[in-house]
Amino acid sequence: MGSLPIASKLRIPPVPRRAVRRGRLLDALDRAIPHARLVLISAPAGYGKTTLASQWARENESRVAWVSLDEDDDVYRFLRYLLAAWEEVQPGVSNSRPGVLLAEPSPDVEAVLVAFANLASEVSDDAPDGVVFFLDDYHLAANPAIDEALAFLLDHVPPAFHFVVISREEPSLPLARYRARGELAEFGAADLTFEAGESTAFLNDTMGLDLTDDQAAALQAQVEGWIAGLQLVALAQQKRPTRGDDLVVTGRQRFIADYLSQDVLAPLPEDQRRFLLETSIVDRLSGALCDAITGGEDGQEKLETLEREN
């Protein structure tokens, strides 16, 4: 298989000690995964995407093959890691035709994909429960060749094989086709946000605060159920307690400002950061208003890109 894989990329992430068990979402994944070729968990930073996926992967009895992607992954590394993850739950597959092809210095991608699909069909006869492949941080790879490879596998592996893509943005896959076929299950920010009871349990039981239901609900409303936001507010409250009635969430709070700066804004291209800064003075946006503020002519296009990328 060429160079040895990095073990941490194939390991299901640990569930954080402070994580709230997302029972309703775990049940929804239980219902969705067996019937969908592709499950898409897509939301901005701090919505608990990986935590939810690792909770399901650790609690479920399915064969789970996990791959965490990063910026250095090309299609060859992607396929090698995919096969290595499969090997973790079904020993011996790396010695078959796809493994032989991937051991070559410059593998023929199409031949590898065909061999991968054929192998999946062969082993599904002996393992009818199949495999669930989790692809975490899919947005980091941002590689059209990986998108094409995954689309090929989605179209050609047996129904017992499922893929769960975890991403901050909508991947460049033929999602409309999968929706039309009933082969796609989607979980977005609206699904991942904390509900009232989850917020109260997180703030009081997990973070050790002593808030009333109304105070917890007020905080939840301010951050719109954003999990990372609730955690950062709770950490600030632990360090400098204030009356629950005085808890106001703003970007001036250091923990929130640092998180937004480092995890949300820093990875963006310079032109997107400038656009967000210039248009942040208004509460509601339209393409024409953005053009008036920035002096540009592509405000609507930029808004649509930002929305698509969460």
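Notes on the structure in this doc start here. (Residues numbered from 1 in each chain as written. Predicted model: local features only at pLDDT ≥ 70, side-chain atom pairs only at ≥ 80, totals over all residues. Heavy atoms only, no water.)

**Notes on the packing of aromatic side chains**
Where we set the bar: The aromatic pairing rule takes the rings of Phe, Tyr and Trp, using the six-membered ring of Trp, and pairs them if the centres are within 6.5 Å, calling planes under 30 degrees apart stacked, those over 60 edge-to-face and the rest tilted. Elements are defined by DSSP. Helices are runs of H or I of four residues or more, strands are runs of E of two residues or more, and each kind is numbered from the N terminus. Each residue is placed in one exposure class: buried if its accessible area under a 1.4 Å probe, protein chains only, is under 20% of its type's maximum, exposed if it is over 50%, and partly exposed if it falls in between.
Considering all chains together, one arrives at nine aromatic pairs under this definition. Plain terms: the ring middles of Trp66 and Phe134 are 5.2 Å apart, the flat faces sit at 10° to each other, and that makes the pair stacked. Here Trp66 is found in strand β2 (residues 64-68), whereas its partner Phe134 is found in strand β3 (residues 132-136), with 68 residues between them in sequence. You'll find Trp66 and Phe134 in the same group, each marked buried. Note on Trp86 and Phe116: the rings are 4.9 Å apart at their centroids and 45° apart in plane angle, and the pair reads as tilted. Remark: Phe116 occurs in helix α5 (residues 109-126) and Trp86 occurs in helix α3 (residues 75-89); sequence separation between them is 30 residues. Each member of the pair Trp86 and Phe116 is classed as buried. Within the aromatic cluster, the residues linked to one another by ring pairs are Trp86, Phe116, Phe133, Phe161 and Phe163.

**Remarks on the packing of helix α1 (residues 23-32) against helix α2 (residues 49-59)**
Quick note on the threshold: For every element, the axis is a line fit to its C-alpha atoms; helices are fit only across the contacting stretch, and the angle between N-to-C directions ranges from 0 to 180 degrees. For any helix crossing, the convention is left-handed if the near helix is rotated counterclockwise from the far helix by under a right angle, and right-handed if that rotation is clockwise. Contacts: residue pairs with any heavy atoms within 4.5 Å of one another. Residue polarity follows a fixed list, in which Ala, Val, Leu, Ile, Met, Phe, Trp, Tyr, Cys and Pro are nonpolar, Asp, Glu, Lys and Arg are charged, and the others, Gly among them, are polar.
At a minimum axis separation of 10 Å, α1 and α2 run at an interaxial angle of 65°. Between α1 and α2 lies a crossing whose hand is right-handed. Taken together, the residues of α2 that come into contact with α1 (itself represented by Leu25, Leu26, Leu29 and Asp30) are Leu52, Gln55, Trp56 and Glu59. Tallied by class, residues from the contact of α1 with α2 come to five nonpolar, one polar and two charged.

**What to know about the pattern of salt bridges**
The condition that has to hold: The working definition used for a salt bridge is a side-chain nitrogen of Lys or Arg within 4 Å of a carboxyl oxygen of Asp or Glu.
Per the counting criterion, the structure on display carries 15 salt bridges. Of the charged contacts in the structure, one is a salt bridge between Arg77 and Asp73, with a shortest N-O distance of 3.0 Å. Overall, the relative accessible area of 4% leaves Asp73 in the buried class. Arg181 serves as the salt-bridge partner of Glu183, at 3.6 Å between the closest nitrogen and oxygen. Judged by its relative accessible area of 17%, Glu183 falls in the buried class.

**Description of the pairing of β3**
Condition: We treat two strands as partners when DSSP finds at least two bridges between them.
Counting buried positions over the five residues of β3 gives five, a clear majority of the element. Because side chains alternate across β3, one face comprises the buried residues Val132, Phe134 and Asp136, and the other comprises Phe133 and Leu135, equally buried. As paired strands, β3 and strand β4 (residues 162-167) are joined by four bridges and run parallel to one another. Across the sheet, the residue bridging to Phe133 is Phe163, located in β4.

What is shown is where atoms sit, not what they do.
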